[in-house]
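# Close look at the chain arrangement
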Amino acid sequence: MNKRKLKESSGTDGECISQVQKMLRERLCHHRAMGKLFGIDQQYKHLLELLKQTTVCGESNSALIIGPRGSGKTALLNRVLKDLREMKQVKENLLEVHLNGLLQTNDKVALKEITRQLHLENVVGDKVFGSFAENLAFLLEALRKGNRTSSCPVLFVLDEFDLFVHHKNQTLLYNLFDISQSAQTPVTVIGLTCRQDILELLEKRVKSRFSHRRIYLMNSFAFKQYIRIFKEQLSLPAEFPDKAFAQKWNSNIQLLTEDKTVQDILQNLFHYSKDLRSLNFLLMLAVSNVTVRHPLITASDLQEASKQYRMDSKANIVHEFQKFIQRKAHCMYNFEKPVVMKAFEHLLQLELVKPIERPSVRSQREYLLMELLLDNNQIMDALQAYPNCPTDVKQWAASSLSWL
Amino acid sequence: MPILEHPAYPPATLLCLESLVPCRESQVSMLLSIFGERQQLSFPSIFIYGHTSSGKTYVMKTLLNTLQLPHVFVNCVECFTSRLLLEEILIQLQNHSSETRRASPVPCDTFNDFVRLFKQALVSQNLQDQTVYVVLDRAEQLREMEANILPAFLRLQELTDRNVTVILLSEIVWEMFRPNTGCFEPFILYFPDYSIGHLQKILSQNHPPEYSADFYSAYINILLGVFYMVCRDLKELQHLAALNFSKYCEPVVRKEAKERDTRKLWKNIEPHLKKAMQTVYLREISSSQWERLQCEEGELGQIKGLSAHAHVELPYYSKFLLIAAYLASYNPVRTDKRFFLKHHGKIKKTNFMKKHEKTSNHLLGPKPFPLDRLLAILYSIVDNRVAPTANIFSQITSLVTLQLLSVVGNNDQLDGPRYKCTVSLDFIRAIARTVNFDIIKYLYDFL
C-alpha cells in the first residue's frame, strides 16, 4: 500500500513539475506575458487615458514610448490594449494595425501591410493589388472619408519606430502623422523605440505634425523592488491545482529571497543591467533545472545560472589560443613558418585579430598591418587558466604585457 | 549510470543519444533542460559558439534527429542571400510534413512575407504546438545580409507569435554580432574545445576492425603527441589519422614487428609524421599524392610541394634586376651612397636613424622606389657595362607580370613609375647564390 502511495505521489510530482515548468516558462519567455507590470503604473495610466480618449471620444493622437531594450515597452502596450478591449465602451470598436520596423523595411511593404491588416477592398486573400501610389491614395481616402462621431477609430502601432525613420522621405510617417492632425477618422499613432534621440531623426515637417507626447520607461526601480519582482516572478498563483506543492514552492521562494548568496547574485545582476529581461533570462535558466528529483530551486541553481549567463566569451576563445602567439625563438618546438602562418590565419578567422584596412591586391598578406582586438587582462587571464602552458610563453607574456 | 535524463523522452533514446555524442554530455544535458518538454516554451533564441570542430553542428543535428524534434537546418554559407535563406527554411518546413518530394519553392522576398508564410506553413502541419527549431549554421554570414535579418531572427518567436526557437551556431563571439542599436539578446552557450583526453577517446572510436582497439589507440597517442601542439581540429586530425595509419601498420604487415613493439613502430612512423606536418597538413600536396608516396618503398624522395613550384628560372639580367629591386625596397635611401659608391664619406647617424634602428625594415615590408633608383643600383652591382636598351625595360615589365615586382600608384604618373619588390628573403638569397652575389653584405638590416 505504501508503494502505491509513493507511486501516486511521484506521479503527481511529475505532472506537477511539468505544470510548474509550463507556467513559469510562459511567464518568463513569452513576449506576451500577461503578468504584472512592475514600477510603471504612471506610464500605464497615461497610455490608458490616451487610448481611451481616442476610442471613446474620437480624438486623434500620437505618442512615442521610449525606453532601453528590455524595459517593457511592448509589454506595457499589450497590457493597455488588453485592458482597453475589456472595457464596455470600447468592445469591438477599435481597429488595430501593428507594424514592425524589422519586417516592413520600406514604405511600399508597410503600405501593403496596412492595407492587408485593415482588410480594405483591394485585398483578395493575402495579395494586395495596385501600385504604391494607388494604395496610398486609396488608404488616405478611406481614412479621410470618416468623421469623428460615426467612424471606427484606428490605432497604428509602430514597433522599432527608429527604423521607419530611415525610409525614403519618411513618407509613411508624414502621412500617418498628418492624418492624426486633421479632423477626420480618429487615428492614433503610437511608436515604440529604444533610441533616446529619436526626435532629432525626424524630418522637420514630420516633427511638426507629431504631438511631442513622450512616455519614458526608465527601469527606475530600486534594489528592494527588484528583489520583490524576483519573488513575484517565481511564485505560483493561488489557482495552481496542486495546492500543497504550490505552498511548498512559494515558501521556498521566500527563503531564497532572504538568503544572502541569492541577494548577492541579484545585486551583481542589478548592477550589470537593471532591465527585467535579463532577470527573466536568469530565472529561466534556474527554472529549467527543476525536475522531479530536484523539485525546488536552490541558491546554487541560481549561482550556476548566473555564472552561465555572465561568461566572458572572448576569454573562452583566447584561452584556447594563446599557444600560437609564440615566436620561433622563444620555444622549444621549432615550427616552420608556414605552420605558424596557418595558425595565424585561424586567428584571423576567429576575428581576434583584424586588419586595419581591407586587404588589397597591392600589399602582401604577410605585411598587412593588424590590430589585436583583445585586452591585456584577457590575455593574462587566459594564460593563467590554460593548462600545460610552457613556462617560457608565460614569462614572455608577463614581461611584455605587464608594463603596458 | 546514464548521464542524460529527462522526463519527456524515453530513457532508451537518451542512452542512444549519449553514445553518439561522447565528451559533450554536459552541453547536451544543458540543452535538454532548456528545451524542456515538447510543447513547453523555451528561450526565443540561443547562440552557440566554439572553435572549429568543437562539435556544434554535429551535436545539434544528432540531438534534433535522435529525439525527433521538428526542426529546420540551414547553412548560411550555402544560402548566402536573404531570399535563398528564407525560401530554404520554408521549403524544409513544407517537406517536414509531406512525404512527397520537394514542393514547389514559394517565392519569398522579404521578411514580412516570410513571417506570413511561416505561420501558414506551421498551420498546415500537425504539430500540436510543439516547439519548432530553426538552426542556422555559420551564422556569422547573417551579418553580411540586410540589416534587419539578424535582429528579426532573434525575435522570430515574438514576430510570428508561435512556439519557435532559433538556434545560431558560429565560431565568432556574440559581441561581434550585436547591432548598433541593440537587439534581443539570445541565450549564449559555449562549446569548449576537446581536451587531449577527449580527442584520444573520440579518435580511438574509429578503429578499423582488422586491428585491436589498443593498437589503434597507441597509434592515436603517437599522432596526438606530434600534432597536438599545432592542431586541435578534430576533422584535421581524423584526416591525418586515416592517411597515416597504413604506414604505421607496415612493420606489422611485413612481419618485422609485433603489435606491441611500440618502440619500433614509433621509430618507423615518427619521421613520416614530421614530413606530414610540412606537407599534407599545410595542403602543399594533396592526400592522393601522399598516399602514392607512401606506397613507394625506400627513402622518401624529394616531395615537390606547392611552394616548390613557385621557383622560376630567370634570365641573367632579370636576376640582377630582381636583386636590385630587393635592395631598393629594403634599404633606406640614405644608405645607398654607402653601399653603392666607391668612395663614400662618413655617414653621420642622425637622430632619426638612431630612433628607428630597432624596427627592422624586414618586419615592416617592402617600400616603393622609383625606376631611376632601380636602374642606378642595377648599374652599380653589375660588373660590366649594361646598355639601357629596351630589353632591360621589358624585363622589368615581365617581372611585374610574374608578380615578383608590383607597381605602386597610378599607371599614368608623369614622373616615372614606382615599384615594390614582393619576394621573400629566402627566395632572393637563393637567386643571389646562383649569380654568386652576396646580398647580405648589401642589406642595411644585416650590418
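Quick note: structure is the one above.
An account of the accompanying structure is given in this report. (Residues numbered from 1 in each chain as written. Chains lettered and ligands numbered in written order. Predicted model: local features only at pLDDT ≥ 70, side-chain atom pairs only at ≥ 80, totals over all residues. Heavy atoms only, no water.)

### Focus: the overall build of chain B
- Each helix and strand counted, chain B has 19 helices and eight strands in total.
- The 447 residues of chain B split such that 51% are buried.
- Across chain B, the fraction of contacts at a sequence separation of at least 24, relative to all contacts at a separation of at least 6, is 72%.
- For chain B, the accessible area works out to roughly 22600 Å², and carbon and sulfur atoms hold 53% of it. (Helix = DSSP H or I, 4+ residues; strand = E, 2+ residues; numbered from the N terminus. Buried < 20%, exposed > 50% of the residue type's maximum accessible area, 1.4 Å probe, protein only. Contact = heavy atoms within 4.5 Å. Areas by Shrake-Rupley, 256 points an atom, 1.4 Å probe, with all protein chains shown as cover.)

### What about the overall build of chain A?
- What chain A contains, in helices and strands, is 18 helices and nine strands.
- Here the contacts in chain A between residues at least 6 apart in sequence split such that 74% fall between residues at least 24 apart.
- If you sum the accessible surface of chain A, you get close to 21500 Å²; carbon and sulfur atoms cover 52% of it.

### Quick notes on the interface of chain A and chain B
- With 57 residues of chain A in contact, the opposing surface of chain B contributes 67 residues.
- Note on chain A versus chain B: buried area summed over both sides is about 5500 Å², and carbon and sulfur give 56% of it.
- Our count for the chain A to chain B interface comes out at one salt bridge.
- Measuring nitrogen to oxygen at the nearest pair gives 3.7 Å for the salt bridge that ties R155 of chain B to E160 of chain A.
- If you look at where chain A meets chain B, you find 10 residue pairs in polar contact (both at pLDDT 80 or more).
- For the side of chain A that touches chain B, the secondary structure elements donating two or more residues are α1 (2-29), α4 (107-117), α13 (276-287), α15 (313-319) and α16 (337-349) of chain A.
- Here the element with the most residues in the side of chain A that touches chain B is α1 of chain A; it accounts for six residues.
- Among the residues making up the side of chain A that touches chain B, the classes are represented as 20 nonpolar, 17 polar and 20 charged. (Buried area = accessible area lost by both parts, 1.4 Å probe. Salt bridge = Lys/Arg side-chain N within 4 Å of Asp/Glu carboxyl O. Polar contact = N/O pair within 3.5 Å; in protein donor to acceptor, adjacent residues only side chain to side chain. Nonpolar A, V, L, I, M, F, W, Y, C, P; charged D, E, K, R; others polar.)

### Things to note about helix α3 (residues 73-86) of chain A
- Taking 1.5 Å as the rise per residue, α3 of chain A with 14 residues should run 20 Å; its terminal C-alpha atoms sit 20 Å apart, in good agreement.
- For α3 of chain A, the complete set of buried residues consists of K73, L76, L77, N78, V80, L81, D83 and L84 of chain A. (Expected span 1.5 Å × (residues − 1).)

### A few points about a positive patch on the surface
Residue and element names in this part refer to chain B.
- Positive charge collects at one region of the surface, where K258, R263, K264 and K267 lie side by side.
- Mapped onto the elements, R263 comes out in helix α11 (residues 262-278).
- Judged by its relative accessible area of 67%, R263 is exposed. (Patch = residues over 30% accessible without salt bridge, like charges linked within 9 Å, V, L, I, M, F, W, Y side chains within 5 Å. Lys, Arg positive; Asp, Glu negative; His and termini not counted. Charge placed at Lys NZ, Arg CZ, Asp CG, Glu CD.)

### Topic: the packing of helix α1 (residues 11-20) of chain B against helix α3 (residues 56-66) of chain B
Residues and elements named next belong to chain B.
- Two numbers describe how α1 lies on α3: the axes approach to 10 Å, and their chain directions differ by 160°. As the angle between them shows, α1 and α3 are arranged roughly antiparallel. As α1 packs across α3, the resulting crossing turns out to be right-handed. Residues T13, C16, L17 and L20 of α1 pack against Y58, T62, L63 and T66 of α3.
- Across the contact of α1 with α3, the residue classes break down as five nonpolar, three polar and no charged. (Axes fitted to C-alpha atoms, helices over the stretch in contact; angles between N-to-C directions. Parallel < 35°, antiparallel > 145°, perpendicular 65-115°, else oblique. Left-handed = near helix turned anticlockwise from the far one by under 90°.)

### Notes on the sheet that holds strand β5 (residues 187-190) of chain B
Residues and elements named next belong to chain B.
- Pairing in this open sheet of five strands is parallel, and the strands run β2-β3-β4-β1-β5 from one edge to the other. The strands lining the two open edges of the sheet, one partner per strand, are β2 (71-75) and β5. Strand-to-strand, the axes of this sheet are offset by a mean angle of 20°, without reference to chain direction.
- Where strand β3 (residues 132-137) lies against strand β4 (residues 164-170), five bridges are found, and the strand directions are parallel. Within the sheet, the bridge partner assigned to V135 lies in β4 and is I167.
- Most of the contacts of α3 go to β4, to which it runs at about 155°, and overall it touches β1 (45-49), β2, β3 and β4. (Pairing = 2+ DSSP bridges.)

### A closer look at the nonpolar core
- F35, F111, F114, F118, L136, L142 and F153 of chain B are the most contacted members of the largest nonpolar core, which has 112 residues in total.
- Residue contributions to this core peak at nine residues, all from α13 of chain A.
- Apart from residues no more than four positions distant in its own chain, L142 of chain B is found in contact with C76, L85, L136, I149, L150 and L168 of chain B.
- Counting residues in hydrophobic clusters, the runner-up holds 39 residues, among them A324, L327, F369 and I431 of chain B. (Core = buried A, V, L, I, M, F, W, Y, C linked by side-chain atoms within 4.5 Å.)

### Remarks on the environment of L127 of chain B
Residue and element names in this part refer to chain B.
- Within the secondary structure layout, L127 lies in the loop between α5 (111-124) and β3.
- Take L127: its relative accessible area is 11%, and that puts it in the buried class.
- Taking the C-alpha atoms as reference, L127 lies 8.2 Å from P70; in sequence the two are 57 residues apart.
- Discounting residues that sit within four places of it in the chain, L127 has contacts with P70, L122 and V132.

Without other data, these values stay purely geometric and don't point to any function.
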